[in-house]
Amino acid sequence: MTSTSVIDELKKAQIIELLEQGKRVDGRTLEESREISIEINAIPKANGSARVRLGDTEVVCGVKIQPDRPFPDTGDKGLFICTAELLPLSHPTVETGPPQPPVIELARVVDRGIRESHMVDVSQLVIQKDKSVIGVFADNVVVDYDGNLFDACSYATAAALLASKTPKWDMVDDVPTLVEGGEFQLPTNTIPVSVTMGKIGNHIIVDPNGDEWDSMDARITITSDSDGNICALQKGGSDGFTQEEINQCGEISVRVGSKIREKLKSCQQESQ
Amino acid sequence: MGGRAATMVLLDENGIRCDGRKIDEPRRIMIKAGGLKNADGSAYIEFGDNKILVGVFGPRDVHPKHMSNTDTGILRVRYHMEPFSVGERKNPAPSRREIEISKVIKEALEPAVMLEKFPRTAVDVFIEVLQADGGTRCAALSAASVALADAGIPMRDMVAACAAGKVADTIVLDVNNEEDQAGQADMPIGYMPNLEKITLLQLDGVLTPEEYKKCVQVGVDGCKIVYDIQKKALNDKYFGNGGD
């Protein structure tokens, strides 16, 4: 997404100049996320779904739930797998073809945030131990790009999982068989919220938009859970952070995350 | 092999870990600068049971040409594990994990390398993991820094790397494979000691805000231990008897 042109350099200069005065290009404060709007169950054929707009970044997440074979070493747990993809209609520079390293990183960071928080209670998703378990697949597609895909995908995934209902299966003649009317709310333990911060010069900004994203020296994505603990982190970009900045980012992520969590909680209530 | 020992004691009452280390003690680290004849710079690291070889080429012409940048040189990193490096044979094709690690190591090295001095060129770093035993990305990053220095590429500092983590409710330095599998959190850190900058940072596992700060501190202190070993490796090659 980074193309160097005269316009980009001018934008970057403007962004830095404004930050020196404590301001941002779109009028936000440094610790302010963009407007988040969440529409749950936008895709009725999915077991749960969410369409999330974070400013002008838009992501659709669909959750599909189906019987699967467990991993050999975790026969007493269901599966949770999360992916993310950048669609060619999301930005003029996105091409079709195998995913590039930034998209692979995106998918893995979003997956790690949800997984490490133990949001999905996989211990309750066993049909028959070591034989058959319930698999939960959360697939994100980015349909419009304006920076910070990490958080947009993370919120979409969390919202879609909170809105998910899983069918019930029983083993009949060694085959998982659907139990009509046995649907239940997907069991979850916590609501993870990722907060991505960009570093431009010596300034730390929350939820960089597309122009800010292209001007960043480095970034950090920190996921916290409902207890205010930190459960996943990823630093990126071609510069470093001081130890003090890392501590500061940790505090910001918990603080900003708790506000966003309230928004996600309402998805759960809405779907029940 | 054959499943984890369910009864393994990760931390005993005397504060000794499953491999006999204290909580703030790294595994045995040996770094050798140079060693490969054809590479412009190289390094070999043994970090506990990890064995990793790094070769550096460049600055050299960029191929394919469209990747080159008229303003600066570019850094390319490939982290690759051999099929025989882990318990069960690994498919030799690059996995998504390896692609992500290549990217984070590249971004950890970029702040250290003065690429702007070599516009239109590329510096290629090839990392080959011959044997893996937990913490390969940190060991690989530490070795890659030494290999870049060995190649004579101008640098602001070397990146030293070490992981910290939470094992048996305690923050420990340099999480090994067993601790990573059974432990509660793993935080790999890459750090430039002279510039006091953290250039690689990841975390999986749950930490309270206090543990988070402590974990960063323990990891940074570990990086400083690794840094001394990196400097010694370069000293041994260029100022000692180990020159080749």
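For the structure itself, look to the data block above.
What this report covers is the structure whose coordinates are included nearby.

Procedures and definitions
Residues numbered from 1 in each chain as written. Chains lettered and ligands numbered in written order. Predicted model: local features only at pLDDT ≥ 70, side-chain atom pairs only at ≥ 80, totals over all residues. Helix = DSSP H or I, 4+ residues; strand = E, 2+ residues; numbered from the N terminus. Buried ≥ 20, exposed ≤ 12 C-beta atoms within 10 Å, placed from the backbone. Contact = placed C-beta atoms within 7 Å. Pairing = 2+ DSSP bridges. Axes fitted to C-alpha atoms, helices over the stretch in contact; angles between N-to-C directions. Expected span 1.5 Å × (residues − 1). Nonpolar A, V, L, I, M, F, W, Y, C, P; charged D, E, K, R; others polar.

**Quick word on unusual backbone geometry**
Residue and element names in this part refer to chain B.
Here is step 1 of the chain: At the junction of Gly58 and Pro59, the peptide bond is cis and its omega measures out at 0° in the coordinates.
Here is step 2 of the chain: Topologically, Pro59 is positioned in strand S3 (residues 50-61).
Here is step 3 of the chain: Geometrically, the link from His63 to Pro64 is a cis peptide bond, its omega value of 0° lying close to zero.
Here is step 4 of the chain: Tracing the backbone shows Pro64 in the loop between S3 and strand S4 (74-81).
Here is step 5 of the chain: Although it is not a glycine, Arg120 adopts a positive phi angle of roughly 70°.
Here is step 6 of the chain: Its place among the elements puts Arg120 in the loop between helix H1 (96-109) and strand S5 (121-131).
Here is step 7 of the chain: A positive phi angle, close to 50°, is found at Ala168, a residue other than glycine.
Here is step 8 of the chain: Note that Ala168 resides in the loop between strand S6 (160-167) and strand S7 (170-173).
Here is step 9 of the chain: Given 17 C-beta atoms within a 10 Å radius, Ala168 is considered partly exposed.

**Considering the environment of Lys165 of chain A**
Residue and element names in this part refer to chain A.
Here is step 1 of the chain: Following the sequence through the fold, Lys165 ends up in strand S7 (residues 165-172).
Here is step 2 of the chain: Classification of Lys165 by C-beta neighbours within 10 Å gives partly exposed; the count is 15.
Here is step 3 of the chain: The sequence separation of Lys165 and Gly228 amounts to 63 residues, and the corresponding C-alpha distance is 26 Å.
Here is step 4 of the chain: Beyond its immediate chain neighbours, meaning those up to four positions away, Lys165 contacts Asn47, Gly48, Glu183, Phe184, Gln185 and Leu186.

**Some points on the sheet that holds strand S12 (residues 230-236) of chain A**
Here is step 1 of the chain: Ordered by their spatial adjacency, eight strands build an open sheet running S10(A)-S9(A)-S11(A)-S12(A)-S9(B)-S8(B)-S6(B)-S7(B), and the pairing between neighbours is antiparallel. This sheet does not close on itself; its edge strands, each paired only once, are strand S10 (203-206) of chain A together with S7 of chain B. Going from strand to strand, the sheet's axes swing by 20° on average, the running direction of each strand aside.
Here is step 2 of the chain: Judged from the four bridges that link them, strand S9 (residues 193-200) of chain A and S10 of chain A form a sheet pairing that is antiparallel.

**Overview of the pairing of strand S3 (residues 57-68) of chain A**
Residue and element names in this part refer to chain A.
Here is step 1 of the chain: With seven bridges connecting them, strand S2 (residues 48-54) and S3 associate as antiparallel partners. Across the sheet, the residue bridging to Leu54 is Thr57, located in S3.
Here is step 2 of the chain: In this structure, the hairpin formed by S2 and S3 is closed by a connection of two residues, where Gly55 is found at a positive phi of approximately 60°.
Here is step 3 of the chain: Sheet topology note: the S3/strand S6 (residues 132-144) ladder contains 11 bridges and is antiparallel. Bridged to Ile65 within S6 is Val136.

**Considering helix H2 (residues 136-150) of chain B**
All names here are of chain B.
Here is step 1 of the chain: The end-to-end C-alpha distance of H2 is 21 Å, a good match for the 21 Å that 15 residues give at a rise of 1.5 Å each.
Here is step 2 of the chain: In terms of burial, H2 is largely enclosed, as 15 of its 15 residues are buried.
Here is step 3 of the chain: Trailing H2 by a residue or two, Gly152 shows a phi angle of about 75°, which is positive.

**Some remarks on the interface of chain A and chain B**
Here is step 1 of the chain: With 28 residues of chain A at the interface, the matching set in chain B holds 27 residues.
Here is step 2 of the chain: Among the secondary structure elements, those contributing two or more residues to the side of chain A that touches chain B are helix H2 (101-116), S12 and helix H5 (243-271) of chain A.
Here is step 3 of the chain: For the side of chain A that touches chain B, the residue count by class is nine nonpolar, 11 polar and eight charged.
Here is step 4 of the chain: In this sheet, strand S9 (residues 197-207) of chain B lies alongside S12 of chain A in antiparallel orientation, the contact comprising four bridges. Note on S9 of chain B: the bridge partner recorded for Leu233 of chain A is Leu203 of chain B.

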